[in-house]
Protein chains: 2
Amino acid sequence: MKHTINVVGMGPGAEEMMSFQAIKALEDSDVIIGYSVYLELLGDRFSDKEFLSTPMRKEAERCRMCFEEALKGKKVSMVCSGDAGVYGMASLMYEIGKEYEECEITIVPGITAANSGAAYLGAPLNHDYCVISLSDLLTPWDKIEKRLKAAAEGDFCIAIYNPSSHKRADYLKKACEILLEQIEETRICGYVANIGREGTVCITCTLKELKEKQVDMFTTVFIGNSNTELINGKLVAKRGYHL
Amino acid sequence: MKHTINVVGMGPGAEEMMSFQAIKALEDSDVIIGYSVYLELLGDRFSDKEFLSTPMRKEAERCRMCFEEALKGKKVSMVCSGDAGVYGMASLMYEIGKEYEECEITIVPGITAANSGAAYLGAPLNHDYCVISLSDLLTPWDKIEKRLKAAAEGDFCIAIYNPSSHKRADYLKKACEILLEQIEETRICGYVANIGREGTVCITCTLKELKEKQVDMFTTVFIGNSNTELINGKLVAKRGYHL
């Protein structure tokens with residue numbers, strides 16, 4: 001019989017935002033592996049588990065650790081924030097899993113920041129939408145730029161992950177400049193910081209104003225499509241019902 | 001004090017895929033309003049609740065019903081499958097809510113089919129992705145076509161909702177033909193029917209093969225990006241780690 005490793009999406013952070021399936025997968029585990037920031041979000045419910053981690057940028061080692069622990073006969077879950085299949089460890093687990101034929105992977109989905117953040121702002125993704133990360137650690141910037149242009153061209157609602165970091169303080173500004181080549185300055189936008197955690201901040205603004213905002217890496221940014229309206233302070237991408 | 005109406009994403013269907021927050025919102029309600037197919041998925045836990053519904057296409061009436069019931073002093077939740085903010089009732093609730101100043105809306109996010117379906121197939125959305133509905137009930141087809149072209153142009157991973165219906169039996173074929181103008185025939189694709197419900201079906205194929213598939217409206221379709229690989233039968237959009 002194969003060793004099954006769960007790759008679990010925690011949602012935004014608070015336990016109440018996890019699915020029952022995710023909670024159960026973690027409860028059934030002997031060891032929970034993940035980036036330390038996410039492990040710290042797990043509550044007392046899991047205090048009897050062994051927690052293992054590797055530093056940021058050591059993602060491949062973290063994945064390998066899952067397989068090695070499973071081969072010892074332990075039940076293993078890897079945790080990711082949001083959904084493991086959205087900029088999470090799911091794909092890397094499959095890639096590294098090629099070396100571990102005795103193991104199989106189960107993905108337990110979670111609520112990703114595009115959707116949990118949208119809930120705070122109203123309904124900014126309530127039509128066709130794109131999710132784009134501005135991190136160029138693994139993706140060349142010209143590819144990110146091409147995707148921003150395509151998203152504007154297609155009049156998608158847009159959710160932007162990793163809008164900034166210490167080394168990339170001006171990336172959101174650069175992204176807004178690219179979008180402004182095709183989208184009007186008054187387009188309704190918004191962003192949410194610390195979704196589902198302490199100190200949630202929720203802001204709406206125009207695309208022109210967004211260009212000048214300083215946000216951090218725990219922020220998800222939303223750009224409306226051409227049919228997005230601000231209704232009582234909420235971003236609403238209208239679906240086109242005749243009322 | 002305002003009447004709060006919860007608009008709750010149920011996730012794919014099974015109760016174990018709902019968040020604790022969603023369960024709690026429904027448990028705290030006097031009346032649960034939704035499309036009958038979704039109400040039937042709710043388990044015994046909610047058997048003491050009043051259930052109200054309107055037929056398909058009567059979405060505005062269903063929203064109005066929420067506000068009218070809340071004005072009677074009842075605690076109301078509207079349920080949607082997946083996430084209420086992804087082709088769900090969130091935006092229409094805000095639009096109609098303009099007429100009901102005494103009420104306010106809270107969106108409780110859920111796991112949408114793009115993410116729950118992806119978990120079955122592997123990691124098909126593990127990079128920048130687009131979500132596109134092929135339903136032209138509320139969106140003109142030329143707009144859908146423009147978005148498909150932009151998604152291909154941007155080399156996004158793509159999740160397609162509402163790929164077919166009785167009246168639109170050839171829409172997935174049409175969509176594939178549009179994508180094939182820019183994407184090679186051998187591009188890895190897949191689809192999942194009845195996510196999180198009985199009779200889940202999970203298929204991988206090429207884009208050329210997808211063009212000839214007959215799928216139903218309970219199916220979510222996935223198109224890989226140029227960096228998507230089939231690994232042990234799973235769709236994996238690689239993030240670009242050097243291994």
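Residues numbered from 1 in each chain as written. Chains lettered and ligands numbered in written order. Predicted model: local features only at pLDDT ≥ 70, side-chain atom pairs only at ≥ 80, totals over all residues. Heavy atoms only, no water.

Per an unreviewed UniProt entry, chain A is named Precorrin-3B C(17)-methyltransferase, and its organism is Anaerocolumna chitinilytica.

Q: So what exactly am I meant to see when it comes to the nonpolar core here?
A: When a protein is soluble and globular, its nonpolar side chains tend to lie buried together. Counting residues in each nonpolar core, the largest one holds 54 residues, and the members touching the most others are L148, L210 and I223 of chain A together with L134, L148, L210 and I223 of chain B. Ignoring anything within four residues of it in the chain, the contact list for L210 of chain A reads L172, C176, C189, Y191, C205, V221 and I223 of chain A. Grouped together as the second largest cluster of nonpolar side chains are 36 residues, L121 and L235 of chain A together with L235 and A237 of chain B included. (Core = buried A, V, L, I, M, F, W, Y, C linked by side-chain atoms within 4.5 Å. Buried < 20%, exposed > 50% of the residue type's maximum accessible area, 1.4 Å probe, protein only. Contact = heavy atoms within 4.5 Å.)

Q: Looking at this structure, how should I read the sheet that holds strand β12 (residues 228-231) of chain A?
A: Working definition: the strands of a sheet are paired by backbone hydrogen bonds and lie parallel or antiparallel to each other. Residue and element names in this part refer to chain A. Ordered in space as β6-β13-β12, the three strands form an open sheet in which the pairing is mixed. Across the chains shown, the open sheet's two edge strands, defined by having one partner strand only, are β6 (122-123) and β12. Note: β6 against strand β13 (residues 234-237), two bridges, orientation parallel. In the sheet register, G122 faces β13, and the bridge partner there is L235. (Pairing = 2+ DSSP bridges. Helix = DSSP H or I, 4+ residues; strand = E, 2+ residues; numbered from the N terminus.)

Q: Can you help me understand the interface of chain A and chain B in this one?
A: It is common to give the size of an interface as the accessible area that goes away when the parts come together. Listed per partner, the contact involves 66 residues of chain A and 66 residues of chain B. Of the roughly 6100 Å² buried at the junction of chain A and chain B (both faces included), carbon and sulfur atoms supply 60%. Taken as a group, F20, R147 and Y241 of chain A account for 12% of the area that chain A buries against chain B, more than any other trio of residues on that side. Our count for the contact surface shared by chain A and chain B stands at eight salt bridges. The shortest N-O distance in the salt bridge between D155 of chain A and K143 of chain B comes to 2.6 Å. On the surface where chain A and chain B come into contact, there are 38 residue pairs in polar contact (both at pLDDT 80 or more). By residue number, the principal contributor to the side of chain A that touches chain B is helix α4 (residues 90-97) of chain A, which donates six residues. A per-class count over the side of chain A that touches chain B returns 31 nonpolar, 18 polar and 17 charged. In this structure, strand β7 (residues 129-133) of chain A lies alongside strand β7 (residues 129-133) of chain B, joined through three bridges in antiparallel fashion. Bridge pairing in β7 of chain B places C130 of chain A opposite C130 of chain B. (Buried area = accessible area lost by both parts, 1.4 Å probe. Salt bridge = Lys/Arg side-chain N within 4 Å of Asp/Glu carboxyl O. Polar contact = N/O pair within 3.5 Å; in protein donor to acceptor, adjacent residues only side chain to side chain. Nonpolar A, V, L, I, M, F, W, Y, C, P; charged D, E, K, R; others polar.)

Q: Sorry if this is basic, but what is going on with the sheet that holds strand β10 (residues 201-206) of chain B here?
A: Judged by pairing direction, the sheet is mixed, and its 10 strands sit side by side in the order β10(A)-β9(A)-β11(A)-β8(A)-β7(A)-β7(B)-β8(B)-β11(B)-β9(B)-β10(B) without closing on themselves. Two strands in the sheet have a free side with no partner beyond their single neighbour: β10 (201-206) of chain A together with β10 of chain B. Taken pair by pair, the neighbouring strands of this sheet meet at an average axis angle of 15°, ignoring direction. In terms of strand pairing, strand β8 (residues 157-161) of chain B meets strand β11 (residues 219-223) of chain B through three bridges, oriented antiparallel. The residue of β11 of chain B that forms the bridge with I160 of chain B is V221 of chain B. Sheet strands in contact with helix α6 (residues 141-153) of chain A are β7 and β8 (157-161) of chain A, and its direction is about 160° off that of β7 of chain A. Packing against the sheet, helix α6 (residues 141-153) of chain B makes contact with β7 and β8 of chain B, and its axis sits at approximately 160° to β7 of chain B. (Axes fitted to C-alpha atoms, helices over the stretch in contact; angles between N-to-C directions.)

Q: Can you help me understand the environment of G190 of chain B in this one?
A: All names here are of chain B. Note on placement: G190 falls in strand β9 (residues 188-193). Considered as a pair, G190 and Y35 are 155 residues apart in the sequence and their alpha carbons are 28 Å apart. Setting aside chain neighbours within four positions, we find G190 in contact with L121, I203, T204, T220, V221, F222 and L235.

Q: Sorry, what's going on with the relation of the copies chain A and chain B here?
A: Relating one copy of the chain to the other takes a rotation about an axis and a shift parallel to that axis. In the superposition of chain A on chain B (RMSD 0.0 Å, axial shift 0.0 Å), the rotation amounts to 180°. What the rotation and shift describe, once combined, is the action of a two-fold rotation axis. In this assembly, 100% of the residues forming the interface of chain A have copies in chain B that are likewise at the interface, indicating an isologous arrangement. (Least-squares fit on C-alpha atoms with pLDDT ≥ 70 in both.)

Q: When you look at the pattern of salt bridges in this model, what are you seeing that I'm missing?
A: For side chains bearing opposite charge, pairing can occur when the charged atoms are close. Scanning all chains against the criterion turns up 34 salt bridges over all chains. Here K74 of chain A ties to E69 of chain A by a salt bridge, and the two come within 2.7 Å at their closest N and O atoms. Residue K74 of chain A is classed as partly exposed on the basis of its relative accessible area of 25%. Residue E184 of chain B is joined to R187 of chain B by a salt bridge in which the shortest nitrogen-to-oxygen separation is 2.9 Å. When its relative accessible area of 38% is taken as the criterion, E184 of chain B is described as partly exposed. Three or more residues joined by partner-sharing salt bridges are found here, namely E50, E69, K72 and K74 of chain A.

Q: Would you explain helix α3 (residues 59-71) of chain B in this entry?
A: Because an α-helix completes one turn every 3.6 residues, residues spaced three or four positions apart along the sequence face the same direction. Residues and elements named next belong to chain B. Here α3 spans 19 Å end to end across 13 residues, near enough to the 18 Å set by a 1.5 Å rise per residue. Taken as a whole, α3 has its buried residues at E59, A60, R62, C63, C66, F67, E69 and A70. Where the residues of α3 are buried, they touch β1 (3-9), β2 (31-33), β3 (50-52), β4 (76-80), α4 (90-97) and β5 (103-108). G73 occupies a position one or two residues after α3 and carries a positive phi of about 100°. (Expected span 1.5 Å × (residues − 1).)

Q: Which parts of the structure should I look at to understand the packing of aromatic side chains?
A: Each aromatic ring pair is characterised by the separation of its centres together with the angle its planes make. On inspection of all chains with the given rule, the structure shows nine aromatic pairs over all chains. Taking the centre distance of 5.6 Å and the plane angle of 75° together, the rings of Y35 of chain B and Y38 of chain B count as edge-to-face. When the ring centre of F156 of chain A is taken as origin, the NZ or CZ atom of R147 of chain B, which lies over that ring, is 5.8 Å away. Cation over ring: K174 of chain B sits above W141 of chain B, and NZ or CZ is 4.4 Å from the ring centre. (Phe/Tyr/Trp six-rings, centres within 6.5 Å; stacked < 30°, edge-to-face > 60°. Lys NZ or Arg CZ within 6 Å of the ring centre and 35° of its normal.)

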